[in-house]
Amino acid sequence: MQISVSTRHGHLSEATQEKLRAKAEKLVRIFDRLMSIEIVVDLKDEAKPKVDLQVSAEHKHDFVAHEQGENLLGALEAAIGKVEEQLRRYKERVVDRHRNPDARRQEAPVVGGDGAEDAEE
C-alpha cells in the first residue's frame, strides 16, 4: 500500500510526515484491501491546519474526509475517524450482501411431548 503526504502553503519535517504515515497506516486494520492513502495538509492558517484524507480501495471509489483543527495531529485523527466509519459501513454492507440470511437461522430441535429424551434411568 502506498501512503503519500503532501503540503500546501508550508513545509512539514520528515519526522512529522512519518508520524502522519504511521497513523494513516492503521486504516489497514479495518479494511485490508486499501490501495493508497493520500494525506494533504494545508498550512495556510497555521493556527488551524486543514487535513484532507483520500483513501483508495480495491473495487470501490475513494473514501474522502476533510477536517480542520487546533493542531495537526488532532485534525488527522478526526479525519481518520471519519474514514474509519465510512470503511466500516462499506465493509458491513458488503458482508451483509454476500451473507445468506437463512444460513444463520437454525430451528431448535423439537422435543417429543412425553419427555422421554430428557429422562435418564
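Source: prediction; values computed, not measured. (Residues numbered from 1 in each chain as written. Predicted model: local features only at pLDDT ≥ 70, side-chain atom pairs only at ≥ 80, totals over all residues. Heavy atoms only, no water.)

S.K.: Got a minute to help me understand the sheet that holds strand β2 (residues 34-42) in this structure?
M.R.: In sheet architecture, strand pairing relies on hydrogen bonds along the backbone and comes in two forms, parallel and antiparallel. Taken in spatial order, the four strands make up an open sheet running β1-β2-β3-β4, and their pairing is mixed. Either end of the sheet is taken by a strand with one partner, and the two such strands are β1 (2-8) and β4 (63-68). Recorded for the sheet is a direction-independent mean angle of 10° between the axes of neighbouring strands. In terms of strand pairing, β1 meets β2 through seven bridges, oriented parallel. Paired with S6 across the two strands is V40, which belongs to β2. The strands touched by helix α1 (residues 14-25) are β1 and β2; relative to β1, the strand with the most contacts, the crossing angle is about 135°. (Pairing = 2+ DSSP bridges. Helix = DSSP H or I, 4+ residues; strand = E, 2+ residues; numbered from the N terminus. Axes fitted to C-alpha atoms, helices over the stretch in contact; angles between N-to-C directions. Contact = heavy atoms within 4.5 Å.)

S.K.: Please clarify how α1 should be interpreted in this entry.
M.R.: Three- or four-residue spacings in an α-helix give side chains the same orientation, since the helix completes a turn every 3.6 residues. Under the 1.5 Å per step criterion, the end-to-end length of α1 is 16 Å for 12 residues, consistent within 8% with the ideal 16 Å. Every buried residue of α1 is accounted for by Q17, L20, R21 and A24. Summarising the axial view, the buried residues of α1 lie within an arc of 100°, below the 170-degree limit, and thus occupy one face. (Expected span 1.5 Å × (residues − 1). Buried < 20%, exposed > 50% of the residue type's maximum accessible area, 1.4 Å probe, protein only. Arc of directions from axis to C-beta.)

S.K.: I would appreciate a short explanation of the pattern of salt bridges in the present structure.
M.R.: Working definition: two side chains of opposite charge can pair if their charged atoms are close together. Within the structure shown, the criterion is met by nine salt bridges. In this structure, the salt-bridge partner of E58 is R33, at a minimum N-O distance of 3.5 Å. Of this pair, E58 sits in the loop between β3 (50-57) and β4 while R33 sits in the loop between α1 and β2, and the two are 25 residues apart along the sequence. Its relative accessible area of 43% is what places R33 among the partly exposed residues. Two residues, E67 and K82, come together in a salt bridge whose shortest N-O distance is 2.7 Å. With E67 in strand β4 and K82 in helix α2 (residues 72-98), this pair connects stretches of sequence that are 15 residues apart. Taken together, the salt bridges that share partners define one network made up of E14, E18 and R21. (Salt bridge = Lys/Arg side-chain N within 4 Å of Asp/Glu carboxyl O.)

Function cannot be read off these values alone, since they describe shape.
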